[in-house]
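A look at the structure
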Amino acid sequence: MIERWSRDQVLALAPDAASQKTATGVSSPAKWSAHGVTSEVLWGECKGSGSKPYRACVDLSEPAYRCSCPSRKFPCKHALGLLLLWSADGVPAADEPADWAAEWMEQRRDRAEKQASRVVAAQEKAAQEKAAQPATPDGAPQQTAGAPDRRAAQREQRVTAGLSELERWLADQIAQGLADARRTGPAEWDALAKRMVDAQVPGMAGTFTRLSVVLRDEDWPGRLLGEYALVHLLAVAYRRAAGLPHALGETVRSRVGFPVAREDVLASPAVRDRWDVIGSRDEEQDRLVARRVWLRGRETGRAALVLSFAPVGQALDASLVNGTTVDAELAFYPGAAPLRALAVRRHGAVHAGPPSGPSAAETPGLLAGVLAEDPWIDSWPVVLSGVVPANDGGWLLADPGLQDPGSDDEGGAEVSGMRLDPAVGTPWRLLAVSGGHPVTVACEWTPRGLWPLTTWDEEGQVVLL
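All of the points below concern the structure found in this document. Counting starts from 1 at the beginning of each chain's written sequence and moves along it residue by residue. With the structure being a predicted model, the display of local features is reserved for residues of pLDDT at least 70 and the display and counting of side-chain atom pairs for 80 or more, all residues being used for whole-chain, interface and lining totals. Excluding hydrogens and water, the side-chain figures rest on all heavy atoms present in the structure.

Section: the overall build of the protein
Each helix corresponds to a stretch of at least 4 residues labelled H or I by DSSP, and each strand to a stretch of at least 2 residues labelled E; elements are numbered beginning at the N terminus. Across its full length, the protein holds 12 helices and 15 strands. Radius of gyration: C-alpha atoms only; globule rule: 2.2 Å multiplied by the number of residues to the exponent 0.38. Relative to the globule expectation of 23 Å for 465 residues, the C-alpha radius of gyration of the protein, 25 Å, shows essentially globular dimensions. For the C-alpha atoms alone, the extent of the protein along its principal axes is close to 70 × 65 × 40 Å. Accessible surface is estimated by sampling points in the Shrake-Rupley manner with a 1.4 Å probe; for residues, cover comes only from the protein chains shown. For the protein, the computed accessible surface area is about 23900 Å², with 50% contributed by carbon and sulfur atoms. When charges are counted, neither His nor the chain ends are considered; positive counts come from Lys and Arg and negative counts from Asp and Glu. Every charge is mapped onto a representative atom, which is NZ of Lys, CZ of Arg, CG of Asp or CD of Glu. Computed over 50 positive and 60 negative side-chain charges, the separation of the two mean positions in the protein equals 8 Å.

A few points about the sheet that holds strand β7 (residues 303–311)
Between any two strands, at least two bridges found by DSSP are needed for them to pair. In space, the 5 strands of this open sheet follow the order β7-β6-β5-β8-β9, with antiparallel pairing throughout. Every interior strand has two partners, whereas the edge strands, β7 and β9 (341–350), have only one. Across the sheet, the axes of successive neighbouring strands diverge by a mean angle of 35°, strand direction being ignored. Axis lines are fitted to C-alpha atoms, over the contacting stretch for helices. Their N-to-C directions set the angle, which ranges from 0 to 180 degrees.

Brief notes about unusual backbone geometry
Residue Pro63 is bonded to the preceding Glu62 through a cis peptide linkage, with omega at 0°. Here Pro63 lies in the loop between β3 (54–59) and β4 (64–67). That bond from Phe74 to Pro75 is cis: its omega, -5°, falls within 30 degrees of zero. Mapped onto the secondary structure, Pro75 falls in the loop between β4 and α3 (77–87). We note that Asp89 has phi near 60°; this positive angle belongs to a residue other than glycine. The topology assignment puts Asp89 in the loop between α3 and α4 (99–131).

Quick notes on the pairing of strand β13 (residues 439–446)
Here the term buried applies to any residue with accessible area under 20% of the maximum for its type, exposed to any over 50%, and partly exposed to those in between, with areas from a 1.4 Å probe on protein chains only. With 8 of 8 residues buried, β13 is to be regarded as a mostly interior element. Residues of β13 alternate between two faces, with Val439, Val441, Cys443 and Trp445 on one and Thr440, Ala442, Glu444 and Thr446 on the opposite face, all of them buried. Across 6 bridges, strand β10 (residues 380–391) lies against β13 in antiparallel orientation. Looking across to β13, one finds that Val383 is bridged to Ala442. Of the strand pairs in this sheet, β13 and strand β14 (residues 449–456) are connected by 6 bridges, and their pairing is antiparallel. Bridge pairing in β14 places Ala442 opposite Thr454. Adjacent in sequence and paired antiparallel, β13 and β14 are bridged by 2 residues.

Brief notes about the sheet that holds β4
The 4 strands lie next to each other as β1-β2-β3-β4, forming an open sheet whose pairing is antiparallel. Pairing within the sheet leaves two strands with one partner each, and these edge strands are β1 (32–37) and β4. Within this sheet the neighbouring strands show an average axis-to-axis angle of 10°, counted without direction. Bridging between β1 and strand β2 (residues 41–46) involves 4 bridges; their strand directions are antiparallel. Each residue of the ladder has a partner; that of Trp32, found in β2, is Cys46.

With respect to helix α11 (residues 363–373)
Since the α-helix advances by 3.6 residues per turn, residues separated by three or four positions end up pointing in the same direction. The set of residues buried in α11 consists of Thr363, Leu367 and Val370. Summarising the axial view, the buried residues of α11 lie within an arc of 55°, below the 170-degree limit, and thus occupy one face. More than 90 degrees from the buried face of α11, the exposed residues found are Gly365 and Ala372. By the convention used here, residues are in contact when the closest approach between their heavy atoms is within 4.5 Å. The inward-facing, buried residues of α11 abut β10, β12 (417–419) and β13. Directions are taken from the helix axis to each C-beta atom, and the arc is the one they span.

Overview of the packing of helix α2 (residues 17–25) against α3
Running from N to C, α2 and α3 cross one another at 60°; their axes reach a closest spacing of 8 Å. As the angle between them shows, α2 and α3 are arranged oblique. Both α2 and α3 take part in a crossing whose hand is right-handed. Contacts between α2 and α3 involve Ser19, Thr22, Ala23 and Thr24 from the first element and Lys77, Leu80, Gly81 and Leu84 from the second. Angles are sorted into four bins: roughly parallel if under 35 degrees, roughly antiparallel if over 145, roughly perpendicular if 65 to 115, and oblique for all others. In this scheme the crossing of two helices becomes right-handed for a clockwise turn of the near helix relative to the far one and left-handed for an anticlockwise turn of less than a right angle.

A closer look at the pairing of strand β8 (residues 325–332)
Taking burial as the measure, the 8 residues of β8 include 7 buried ones, the bulk of the element. Here 6 bridges tie strand β5 (residues 271–285) to β8, and the two strands are oriented antiparallel to one another. Following the sheet pairing, Arg272 is matched in β8 by Glu329. Across 7 bridges, the pairing between β8 and β9 is antiparallel. By the bridge assignment, Phe332 is partnered in β9 with Ala341.

A short note on helix α5 (residues 150–176)
One less than the number of residues in a helix, times 1.5 Å, gives the span that helix is expected to have. Between its first and last C-alpha, α5 extends 39 Å over 27 residues, near the 39 Å set by a 1.5 Å rise per residue. All buried positions along α5 are accounted for by Arg155, Val159, Gly162, Leu163, Leu166, Glu167, Trp169, Leu170 and Gln173. Its buried side turned inward, α5 meets α6 (181–198), α7 (202–209), α8 (220–239) and α9 (246–256). Backbone geometry just after α5 places Gly177 at a positive phi near 95°.

Just distances and angles here, no functional claims.
Structure below.
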């Protein structure tokens with residue numbers, strides 16, 4: 001039997017706040033009949049306004065959802081309400097699912113087998129094509145003469161010209177100084193972002209679109225200079241791409257904005273592990289919501305990022321539940337520090353308990369190794385074990401014994417630890433769970449500090465932060 005999810009974990013699957021509220025309204029036992037749960041599937045019939053009840057079921061190993069109601073939200077309030085009832089131990093265990101739920105599960109298994117066959121065929125084809133190509137000294141396939149088509153060659157020329165213009169612009173900025181950036185910067189960055197779009201360099205365009213945020217900080221000159229340095233490093237790396245190792249060259253092309261086909265990623269060798277889903281964050285930009293789901297392998301120790309996108313108001317992928325562990329095969333996008341991944345195949349959820357991780361003192365060295373491989377990384381998942389929230393004028397996660405974790409004395413001695421992003425504010429929920437005792441905390445690292453995502457209480461229950 002899959003370990004029951006907490007109420008926090010269930011509500012985190014809701015597409016919006018309204019769905020959370022309405023799901024709570026249909027989570028009472030009186031609303032449901034003929035409900036049950038097996039090791040794989042949860043199902044039930046919910047009373048509705050019509051004569052027939054709505055049939056909702058959840059594949060707990062993914063999860064995936066199905067309901068006979070007309071709602072366009074995913075998962076709907078009935079699936080969420082059923083999950084809330086299950087999380088409260090209100091659904092009886094059963095030996096077999098209802099016929100209609102069993103039929104749905106069988107259809108899902110058939111589709112999964114067909115998808116797995118297609119992936120295996122694509123991997124075999126990719127291996128044959130790679131073997132047929134001569135290799136460069138670093139092991140990368142060598143392009144044969146005339147391989148790039150004319151459209152690809154034209155894009156390379158546009159990108160080269162656009163980045164050359166960008167290098168000249170950066171040189172002018174450094175020569176003139178940054179003192180006037182607050183007044184002239186936003187308009188210049190907007191114009192430069194448009195020119196990068198014309199030059200087919202969307203990665204750089206996105207960087208300049210977000211630069212205005214830097215000006216809000218007190219130390220904005222230092223941060224802006226750092227951002228300019230990373231942009232310059234990327235432009236020079238692209239210009240000198242022929243001399244880079246293959247993996248680093250793939251990273252540079254990705255950061256510039258060259259896409260990698262989903263089919264090519266799925267055809268690459270997959271990594272099977274027990275992956276802890278340590279947390280997720282949603283961010284809205286230009287009427288599009290991006291969901292970042294962070295995972296970490298139990299055996300390999302690898303970090304992974306699964307991205308999904310949806311227009312504002314539409315449902316995002318909710319197939320990875322925060323705080324759970326899944327036995328799955330992931331295929332990674334190429335790069336020097338591979339992070340973004342696609343789920344090739346899932347073998348079901350497993351009960352593994354809270355993950356383990358390094359101490360606060362050990363974490364900076366691990367992050368330094370990641371940045372040495374890919375200096376443009378701006379977020380990375382970390383799990384800190386045995387840390388307490390502390391305050392020396394700003395909040396941080398520290399190893400035990402360094403300071404009273406509840407202290408907010410700004411005149412106290414500086415504490416050694418991993419600082420939180422100031423935008424987090426006071427981590428009240430983390431303070432409540434910790435109670436001054438060491439806890440395991442999963443976070444998203446950013447250059448501005450850690451963003452806490454998930455912790456586990458003394459009974460091992462998942463608490464979303």
